[in-house]
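So you can see what is in the structure, the chains are spelled out below.
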Amino acid sequence: MKETIAILGNGFDLALGMKSSYRNFYENKDFWPFEPKTKNTSVRIRQMTGLDKFLHNNMQENWYNLENLLAKYAKGITSVSKEQVEYDEKCFEKLKKSLFDFINFAQHQDLRISSLNKAKRFIEAIFQFRRPKIYTFNYTAFDHFAALFGFENKQPITLHGSIDSKNIVVGVDNDLDIPREYNFLKKMAGPTYKSSNLVLDLMDAEEVLIFGHSLAQNDFNFFEPFFKKYSNEYISNSNKLCKIRIFTANNKSKNDVLANIAEMNNNKINLIFAQTDLKFIRTAEDSESALFEFEEWVKELKSTKLHYM
């Protein structure tokens, strides 16, 4: 039997009330490592000259997309010096340690999760009506939340490391064309990087549930084969459509996800809708239509339980 694949992005943690986004990281001066420090208004203690300066100066203007900025910095390097490479590598190690400490802090805050919280209800529904294989892009300890919801020993497959593993995977796409001296920025260079079966599992899945993942460029390598598969006008067995449910915060984030899918599949959005059972479900809007979307999804899972269990 083909599996139900559930994929969690940072939007899942945010929906639980956790302040763990890159924006939260940047704006928390107790953890963001590259804030210029001064003795007074005119004398700077630490001079930033490379990766640290680039990240600090560009985070806000680039929607706080840390990993895309790392890629942008690496691709913009025109000349390589040993001194600069060593400096930037130290900055990168400092960034990873600070991000680890920040996420560890964020996940231990009192979340006060309501019984009506949609992220909580999402987890409850998929465990009650499915036997999902869960992949998470988050660094947080999922088993902590699963225990809060009454589901013990539900371990997802972590794609970017975790707080529990004492290391997190941060960086750029492994296939990115950058100077080899900067390969330390690639995710595969991290000590806890490991391969996964997500690409193959997606290609074979009957049902795909994506909660809080933007499908952004830095993770195209995981999702591009899947969306290209269903963008082929000569697709076979099209009478049995793959069921895809994508949970976004609001209509804007829905459109952002659609734009990323279009970039992956040569703008063949119409084919995706025609050759899959694709629906978007808004989780952060209180409109009647958004509430209806979520409740209908829960009913759909319950009504098809016997087909999957």
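First things first, this report covers the structure right here in the doc.

Reading guide: rules and limits
- Residues numbered from 1 in each chain as written.
- Predicted model: local features only at pLDDT ≥ 70, side-chain atom pairs only at ≥ 80, totals over all residues.
- Heavy atoms only, no water.
- Helix = DSSP H or I, 4+ residues; strand = E, 2+ residues; numbered from the N terminus.
- Buried < 20%, exposed > 50% of the residue type's maximum accessible area, 1.4 Å probe, protein only.
- Contact = heavy atoms within 4.5 Å.
- Axes fitted to C-alpha atoms, helices over the stretch in contact; angles between N-to-C directions.
- Parallel < 35°, antiparallel > 145°, perpendicular 65-115°, else oblique.
- Nonpolar A, V, L, I, M, F, W, Y, C, P; charged D, E, K, R; others polar.
- Core = buried A, V, L, I, M, F, W, Y, C linked by side-chain atoms within 4.5 Å.
- Pairing = 2+ DSSP bridges.

**Description of the side chain of Ser 98**
Within the secondary structure, Ser 98 sits in helix 5 (residues 82-107). A residue is classified by how much of its surface remains accessible, and Ser 98, at 13% relative accessible area, is buried. In this structure, Ser 98 is in contact with Phe 25, Phe 31 and Pro 33, ignoring residues within four places of it in sequence.

**Points about the packing of helix 4 (residues 66-75) against helix 5**
Packing of helix 4 against helix 5 leaves a shortest axis separation of 14 Å and a crossing angle of 175°. Classified by the angle between their axes, helix 4 and helix 5 sit roughly antiparallel to one another. Between helix 4 and helix 5, the contacting residues are Leu 66, Leu 70 and Tyr 73 on the first element and Gln 84, Asp 88, Phe 92 and Leu 95 on the second. A per-class count over the contact of helix 4 with helix 5 returns five nonpolar, one polar and one charged.

**Thoughts on the packing of helix 9 (residues 220-229) against helix 10 (residues 251-264)**
It is at 9 Å that the axes of helix 9 and helix 10 come closest, and there the two elements cross at 75°. The angle between the axes of helix 9 and helix 10 places the two elements in the roughly perpendicular class. Contact with helix 9, carried on its side by Phe 220, Phe 223, Glu 224, Phe 227 and Lys 228, involves Asn 260, Ile 261, Glu 263 and Met 264 of helix 10 and no other residues of that element. Residues belonging to the contact of helix 9 with helix 10 are distributed by class as follows: five nonpolar, one polar and three charged.

**Digging into the nonpolar core**
Core analysis: the biggest nonpolar cluster contains 36 residues, and Leu 55, Leu 70, Leu 95 and Leu 185 have the highest contact counts within it. Sorting elements by how many residues they give to this core places helix 5 first, with eight residues. If we skip the residues at most four places from it in the chain, Leu 95 touches Phe 25, Trp 32, Pro 33, Phe 34, Leu 55, Leu 66 and Leu 70. If you look at the next biggest cluster of nonpolar residues, it comprises 30 residues, including Ile 7, Leu 215, Met 264 and Ile 269.

**Points about the sheet that holds strand 7 (residues 242-248)**
Across the sheet, six strands lie side by side as 3-2-1-6-7-8; this open sheet has parallel pairing. The two strands at the open ends of the sheet, each matched to only one other strand, are strand 3 (157-158) and strand 8 (276-282). Here helix 12 (residues 288-303) sits on the sheet in contact with strand 6 (207-211), strand 7 and strand 8, set at roughly 130° to strand 8.

**Here's the deal with the pairing of strand 6**
Regular strands have side chains that alternate between both faces of the sheet. Within strand 6, five of the five residues are buried, which leaves it mostly tucked inside the rest of the structure. Residues of strand 6 alternate between two faces, with Glu 207, Leu 209 and Phe 211 on one and Val 208 and Ile 210 on the opposite face, all of them buried. Sheet analysis places strand 1 (residues 4-8) next to strand 6, joined by five bridges and oriented parallel. The partner of Thr 4 across the bridge, within strand 6, is Glu 207.

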